Amino acid sequence: MGMMKSLAAAAVAAAIGLGLAGAAQAEVSEIRVSKGYGILYLPLIVMQDQKLFEKQAVAAGLGDVAVKWVMLDGGNVINDAMMAGTLDFAGTGAPGFITLWAKAKGIPNVEVTGISGLSSTSLWLNSNKPEIKSLADITAEDKIALPGIKTSLSAVVLQMMVAKQFGRENFAKLDPMTVSLPHPDALAALVSGQTEVTAHFTSPPFSYLEAKKPNIHRVANSVDVIGNITLDVVFAPKRFVDANPKTAEAFLAALDEANAFIAAHKQETAEIFSRSSAVKISPEEVLEILNDPDTQFSTTPTRVMDFADFMHLAGTIKVKPESWTELFIPQLASRAGS
């Protein structure tokens, strides 16, 4: 009798197990994604326009998954939304992601993981003040606009450039001169010359649009100083990825498809960006940026460890990843990242 009882119990347990497995396979029917302003977010902009995630979700057998897009600019804002549980995927500056990764590491339900690299471009420091010809010319009276002091992509890249020019220990030398402004607002402020903003450290298209104005000149280009590294990534809460592995893979596949689209259809891509841009820019002006060798789109992260190493030395993060693969989903590990 005992034997039969235990077999029955095993059968019940198996049935429950199957039930649980069935439940675990049902992934979300809607995802919430944030993107920011500028060319760095182009793969996400193309993904939205061409409905590539929806297509990949169907191909993965997930059915019709709705996508809710939100516009957030500045690492701190994105990180807050991710912590509050109102975002599933976010395109953001690599430093903002690394900050959150390090802060949340080892805390269940709060941990985050990278889904992919997104993009790299040059960041330009532009100024409306003729006296500013190099970083050394910036005075205590000057104000450098960027989206989010200390943690935003622009803020950390500027610190890395300062460290290169004035020595590692002086990396924060220009921090007191930085002010937080979204790129479109900073562009307007710099061009008007009517505010305290005398410089803007920014990405395309804002950098290009400013440099075309007669009263604005370029002071420095990040690629000249620290090289071409992955500036933006896509990341997600680890608990979301663990619960929705196929959704995460479909998202990565959609990004790969978006990048293939950008490479194959430059003119159409330029038109998509021009339509979606927060500032007025023609498809021809977008093409100029797309044809710049410094503008690169890839899901494979390049030199994100440069950020991690710098931020660890700067004390911005307390824990440092051993390798780039520790920051991202295992599906990327086979790619030639760094």
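Calculation criteria
Residues numbered from 1 in each chain as written. Predicted model: local features only at pLDDT ≥ 70, side-chain atom pairs only at ≥ 80, totals over all residues. Heavy atoms only, no water. Helix = DSSP H or I, 4+ residues; strand = E, 2+ residues; numbered from the N terminus. Rg over C-alpha atoms; globule rule 2.2 N^0.38 Å. Buried < 20%, exposed > 50% of the residue type's maximum accessible area, 1.4 Å probe, protein only. Contact = heavy atoms within 4.5 Å. Areas by Shrake-Rupley, 256 points an atom, 1.4 Å probe, with all protein chains shown as cover. Lys, Arg positive; Asp, Glu negative; His and termini not counted. Charge placed at Lys NZ, Arg CZ, Asp CG, Glu CD. Pairing = 2+ DSSP bridges. Core = buried A, V, L, I, M, F, W, Y, C linked by side-chain atoms within 4.5 Å. Phe/Tyr/Trp six-rings, centres within 6.5 Å; stacked < 30°, edge-to-face > 60°. Axes fitted to C-alpha atoms, helices over the stretch in contact; angles between N-to-C directions. Parallel < 35°, antiparallel > 145°, perpendicular 65-115°, else oblique. Left-handed = near helix turned anticlockwise from the far one by under 90°. Polar contact = N/O pair within 3.5 Å; in protein donor to acceptor, adjacent residues only side chain to side chain.

1. Remarks on the overall build of the chain
Part 1 of the argument: Scanning the chain for helices and strands turns up 14 helices and 11 strands.
Part 2 of the argument: For the chain, the C-alpha radius of gyration of 22 Å lies close to 20 Å, the compact-globule estimate for 338 residues.
Part 3 of the argument: With respect to the three principal axes, the spread of C-alpha positions in the chain is 95 × 45 × 35 Å.
Part 4 of the argument: Residues counted as buried form 53% of the 338 residues belonging to the chain.
Part 5 of the argument: Nonlocal contacts in the chain, meaning residues at least 24 apart in sequence, comprise 77% of its contacts between residues at least 6 apart.
Part 6 of the argument: Summed over all atoms, the accessible surface of the chain reaches about 14,500 Å², with 57% contributed by carbon and sulfur.
Part 7 of the argument: Of note, the chain has its 28 positive side-chain charges centred 4 Å away from the centre of its 35 negative side-chain charges.

2. A few points about the pairing of strand E1 (residues 30-35)
Part 1 of the argument: As paired strands, E1 and strand E2 (residues 66-71) are joined by 6 bridges and run parallel to one another. Within the sheet, the bridge partner assigned to Ser 34 lies in E2 and is Val 70.
Part 2 of the argument: As paired elements, E1 and strand E3 (residues 89-93) share 2 bridges and run parallel to each other. Within the sheet, the bridge partner assigned to Ser 34 lies in E3 and is Ala 90.

3. Description of the nonpolar core
Part 1 of the argument: Grouped together as the largest cluster of nonpolar side chains are 101 residues, with contacts concentrated most on Phe 53, Ile 115, Phe 251 and Phe 307.
Part 2 of the argument: Among residues more than four places away in sequence, those in contact with Phe 251 are Ile 31, Val 33, Leu 44, Met 47, Phe 53, Phe 89, Ile 115 and Val 234.

4. Considering the environment of Met 47
Part 1 of the argument: One can find Met 47 in helix H2 (residues 42-49).
Part 2 of the argument: Put simply, Met 47 and Ala 336 are 289 residues apart on the chain and 23 Å apart in space, counted from C-alpha to C-alpha.
Part 3 of the argument: Not counting residues within four places of it along the chain, the set of residues in contact with Met 47 comprises Leu 52, Phe 53, Trp 69, Phe 251, Ala 254, Leu 255 and Ala 258.

5. Describing the packing of aromatic side chains
Part 1 of the argument: Considering all chains together, one arrives at 8 aromatic pairs under this definition.
Part 2 of the argument: Between the aromatic rings of Phe 97 and Phe 235, the centroid separation amounts to 5.3 Å while the plane-to-plane angle is 45°, which identifies the pairing as tilted. Of the two residues, Phe 97 is situated in helix H5 (residues 94-104) and Phe 235 in strand E10 (residues 232-237); the sequence distance between them amounts to 138 residues. The pair Phe 97 / Phe 235 is uniform in exposure class, with both members buried.

6. Brief notes about the sheet that holds E1
Part 1 of the argument: Spatially, 6 strands are ordered E2-E1-E3-E10-E4-E11 in an open sheet, and the strand pairing comes out mixed. Two strands lie at the open edges of the sheet, namely E2 and strand E11 (296-297), each paired on one side alone.

7. Section: the packing of H5 against helix H14 (residues 304-314)
Part 1 of the argument: The geometry of H5 relative to H14 is characterised by a closest axis approach of 10 Å and an angle of 55° between their N-to-C directions. Here H14 runs oblique to H5, going by the angle between their axes. Here H5 and H14 pass one another in a crossing that is right-handed. Together, Ala 94, Pro 95, Ile 98 and Thr 99 of H5 and Val 304, Phe 307, Ala 308 and Met 311 of H14 make up the contact between the two elements.

8. Looking at the sheet that holds strand E6 (residues 143-146)
Part 1 of the argument: What the 5 strands build is an open sheet, ordered E7-E6-E8-E5-E9; its pairing is mixed. Only two strands of the sheet have a single neighbouring strand rather than two, namely strand E7 (178-180) and strand E9 (217-221). Shown here is a sheet whose adjacent strand axes are inclined to one another by a mean of 30°, direction ignored.
Part 2 of the argument: Taken strand by strand, helix H7 (residues 183-192) contacts strand E5 (124-127), E6 and strand E8 (197-202), and its axis lies near 145° from that of E8.

9. A few points about the side chain of Asp 142
Part 1 of the argument: Note on placement: Asp 142 falls in the loop between E5 and E6.
Part 2 of the argument: One polar contact links Asp 142 to Lys 129, side chain to side chain, over a distance of 2.8 Å.
Part 3 of the argument: Separated by 3.0 Å, the side chains of Asp 142 and Thr 198 make a polar contact.

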